[in-house]
Amino acid sequence: MAGQGQRLNVVPTVTMLGVMKARLIGATRGHALLKKKSDALTVQFRQILKKIVSAKESMGDIMKTSAFALTEAKYVAGDNVKHVVLENVRSATLKVRSRQENVAGVKLPRFEYFSDGETKNDLTGLARGGQQIQLCRAAYIKAIEVLVELASLQTSFLTLDEAIKTTNRRVNALENVVKPRLENTITYIKGELDELEREDFFRLKKIQGYKKREIERQMLAAKQFAEEQEAEKISLKKGISINAAHNLLAVEKDDDIIF
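Since we're looking at a predicted model, the values are computed, not measured. All residue numbers refer to positions counted from 1 along the written sequence of the respective chain. Where totals are concerned, whole chains, interfaces and linings use all residues; where local detail is concerned, this predicted model gives features only for residues with pLDDT of at least 70, and gives and counts side-chain atom pairs only at 80 or more. Heavy atoms throughout the structure, all of them, feed into the side-chain values; hydrogens and water do not.

**Notes on the overall build of the protein chain**
- Scanning the protein chain from terminus to terminus reveals 4 helices and 2 strands.
- Only DSSP runs of H or I reaching four residues or more are called helices, and only runs of E reaching two or more are called strands; each is numbered from the N terminus. Listing each helix as α and each strand as β along the protein chain from the N terminus yields α-α-β-β-α-α.
- Partly exposed residues are those whose accessible area sits between 20% and 50% of the maximum for their type, while under 20% is buried and over 50% is exposed, using a 1.4 Å probe and protein chains only. Within the protein chain, the proportion of its 259 residues that are buried is 22%.
- The contact criterion used throughout is that any non-hydrogen atoms of two residues lie within 4.5 Å. Considering only intrachain contacts with a sequence separation of at least 6, the fraction spanning at least 24 residues in the protein chain is 78%.
- Working note: accessible area of the protein chain is about 19,400 Å², and carbon and sulfur atoms make up 57% of it. Note on areas: these come from Shrake-Rupley sampling with a 1.4 Å probe, and a residue is covered only by the protein chains present in the view.

**Thoughts on the pattern of salt bridges**
- Every case where a carboxyl oxygen of Asp or Glu lies within 4 Å of a side-chain nitrogen of Lys or Arg is listed as a salt bridge. With the rule as written, the count across this model stands at 7 salt bridges.
- The salt bridge involving arginine 217 is made with glutamate 214; its shortest N-O contact spans 2.5 Å. Here glutamate 214 and arginine 217 lie together in helix α3 (residues 130-237), a separation of 3 residues that amounts to about one turn.
- Several salt bridges converge on common partners, so that one network encompasses Arg97, Arg99 and Glu112.

**Structural notes on the packing of aromatic side chains**
- Aromatic pairing here means that ring centres of Phe, Tyr or Trp (its six-membered ring) are within 6.5 Å. Orientation follows from the plane angle: under 30 degrees is stacked, over 60 is edge-to-face, and everything else is tilted. Under the defined criterion, the tally for this structure stands at 1 aromatic pair.
- When the centroid spacing of 4.6 Å and the interplanar angle of 25° are considered together, the rings of phenylalanine 45 and phenylalanine 157 count as stacked. Linking phenylalanine 45 in helix α1 (residues 14-77) with phenylalanine 157 in helix α3, this pair joins segments that are 112 residues apart in sequence. Both residues of the pair, phenylalanine 45 and phenylalanine 157, belong to the buried class.
- Whether a charge sits over a ring depends on NZ of Lys or CZ of Arg being within 6 Å of the ring centre and within 35 degrees of the ring normal. Residue placement shows arginine 7 over the ring face of tyrosine 188; its charged tip is 3.7 Å from the ring centre.

**A few points about a nonpolar patch on the surface**
- Together, Val96, Tyr113 and Ile144 make up a nonpolar patch on the protein surface, roughly 230 Å² of accessible area in all.
- Residue isoleucine 144 is classed as partly exposed on the basis of its relative accessible area of 34%. Residues qualify for a patch when their relative accessible area is over 30% and they have no salt bridge, like charges being joined within 9 Å and the nonpolar side chains of Val, Leu, Ile, Met, Phe, Trp and Tyr within 5 Å.

**Structural notes on the pairing of strand β2 (residues 106-115)**
- Bridge count for strand β1 (residues 94-103) against β2 is 10 bridges, and the pairing is antiparallel. Across the sheet, residue serine 98 finds its bridge partner in β2, namely phenylalanine 111.
- Two strands make a pair as long as DSSP finds a minimum of two bridges between them. Linking β1 to β2, which pair antiparallel, is a turn of 2 residues; within it alanine 104 sits at a positive phi near 55°.

**Some thoughts on the side chain of serine 156**
- One can find serine 156 in helix α3.
- Residue serine 156 is classed as buried on the basis of its relative accessible area, which comes to 0%.
- Residues within four places of serine 156 in sequence aside, it is in contact with Ile48, Leu108, Pro109 and Arg110.

**A short note on the confidence of the model for the protein chain**
- A residue's pLDDT is the confidence the predictor assigns to it, expressed on a 0 to 100 scale. Summarising the model, the protein chain shows a mean pLDDT of 79, and 78% of its residues fall at 70 or more.
- Averaged pLDDT values over the elements of the protein chain bottom out at 52 in helix α4 (residues 242-249) and peak at 86 in α1.

**Some details on the environment of aspartate 61**
- With respect to the element layout, aspartate 61 can be found in helix α1.
- A sequence separation of 82 residues divides aspartate 61 from alanine 143, and the C-alpha atoms of the two residues are 9.5 Å apart.

**A few points about the nonpolar core**
- Only buried residues count toward a nonpolar core, which is a set of Ala, Val, Leu, Ile, Met, Phe, Trp, Tyr and Cys residues joined through side-chain atoms within 4.5 Å. Core analysis: the largest hydrophobic core is formed by 14 residues, its most contacted members being Leu41, Ile48, Ile52, Leu108 and Leu160.
- If you list the elements that add at least two residues to this core, you get α1, β2 and α3.
- With 6 residues, the top contributor of residues to this core is α3.
- Discounting residues that sit within four places of it in the chain, leucine 108 has contacts with Ile48, Arg99, Gln100, Glu101, Val103, Ser156, Thr159 and Leu160.
- Leu17, Met20, Ala27 and Leu182 belong to the second largest nonpolar core, which has 12 residues in total.

**Brief notes about the environment of alanine 73**
- Note on placement: alanine 73 falls in helix α1.
- Separated by 62 residues in sequence, alanine 73 and leucine 135 place their C-alpha atoms 8.4 Å apart.

**Focus on the side chain of arginine 110**
- Here arginine 110 shows up in strand β2.
- A relative accessible area of 12% places arginine 110 in the buried class.
- What arginine 110 contacts, discounting residues up to four positions off in sequence, is Gln44, Arg97, Ser98, Arg99, Glu101, Ser152, Leu153 and Ser156.

Written as C-alpha cells, this is what we have:
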C-alpha cells in the first residue's frame, strides 16, 4: 500500500473533492481498459509465437527440399541452366506487399506475396531437365511463401512485444502510483472537511450557549423588573411609596446636640 504522504498538493475544498473523485473514476476505467488491452495483446502474442515455432520447424524441411531440387535441376539440365533462367527473366513475377492489421489498437504489419504477370521461362529446359526445373521453381515458390509468412510473424512479434511492455508500464503506473495517490488525496480532503465541520459545529454550539445565557439573563432581568413594578403598585395602593418605605427602614445617624 502506498504511503499516506503520497498525495497531491491541493486545497481541501468540496469542489476539489469532486474533481479528485472524477479523476479517480477515470483512472479506474483507464486501468480496466488497459488491463483488457494487455490481456488481448498477450493472447495474440502467444498465438503468433506458436505460429513462428511452427513456421521455423517447417522452414527447415522446405529449404532442404528446395535446395535438393536445385541440385537435381543442375544435375539434369547442366550448370548453365542458371544463366539461361536469368536471361529469360526481365522482372520478378513474385512480389511482396504490406498491409496493417489492427489488434486492440496496435497496428501490426502484415506481409503477403502475390504473382504479378506470367512466367517467361516456360520453355527453359526444353532440351533436357525441364521437369526438374519446374519442380525446383515450385519448391522455391513454397520457400518464398514460408519466408514471407515468417517475416510477417517476426515483425508482428516484435511490435506486439513493445506494445505489451508499454501497456504493462501504464497499467502498473495507474495501479501503483496514480490511483493510490488520488485515493490518499481524497482521504486527506475528507479528513480536512470533517475537521472543518467539527470546528463549525463547536463554534455554533458556543454561540447557541451564549445566546441561551443571554436570553436567560434578559428574562431574569425582565422578571425582576416586573416584580418591582408589581410591588410598587401594591405600595401605592396602600399609600406608601416603596421608595419611602425603604427610606424609613434605612438607618440614619442623627446630628449630635451640643448644650
